[in-house]
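Residue-level listing of the chains:
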Amino acid sequence: MADDVFDRLTACAVDVLQVKQESVTPDASLADDLGASSLIQVELVMAIEEAFGISVPDDAVEDIRTMDDLHRLILSLVS
């Protein structure tokens with residue numbers, strides 16, 4: 001399940017951030033490596049909510065720095 005979730009997160013990141021799939025790795029920084037401003041990160045969370053049919057609490061997003069952080073958060077919300 002975790003791999004499937006990361007694959008779906010990657011698809012969202014590629015679509016919203018307009019980055020290459022190869023650059024979306026677990027240790028990729030949303031801001032530094034993927035170029036996501038805070039506004040773009042909000043768009044990414046909205047795309048993830050739609051893709052997974054979940055609601056991500058605003059306070060849960062504050063500590064998200066990397067794709068792995070995001071992955072662990074989404075796993076906790078879908079399990």
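From a predicted model like this one, the values you see are computed outputs, not experimental measurements.

Assigned secondary structure in the chain consists of 4 helices and 0 strands. In the chain, the order of α-helices and β-strands from amino to carboxyl end is α-α-α-α. Relative to its length of 79 residues, the chain is compact, with a C-alpha radius of gyration of 11 Å against a globular reference of 12 Å. In terms of overall dimensions, the chain has C-alpha extents of about 30 × 25 × 20 Å along its principal axes. Within the span of the chain, comprising 79 residues, buried residues form 38% of the whole.

This brings us to the nonpolar core. If you look at the biggest cluster of nonpolar residues, it comprises 24 residues, and the most contacted ones within it are Leu 44, Met 67 and Ile 74. When contributions to this core are tallied by element, the ones reaching two or more residues are helix H1 (2-17), helix H2 (38-52) and helix H4 (67-78). With 7 residues, H1 is the single largest residue contributor to this core.

Cut-offs used in this document
Residues numbered from 1 in each chain as written. Predicted model: local features only at pLDDT ≥ 70, side-chain atom pairs only at ≥ 80, totals over all residues. Heavy atoms only, no water. Helix = DSSP H or I, 4+ residues; strand = E, 2+ residues; numbered from the N terminus. Rg over C-alpha atoms; globule rule 2.2 N^0.38 Å. Buried < 20%, exposed > 50% of the residue type's maximum accessible area, 1.4 Å probe, protein only. Core = buried A, V, L, I, M, F, W, Y, C linked by side-chain atoms within 4.5 Å.

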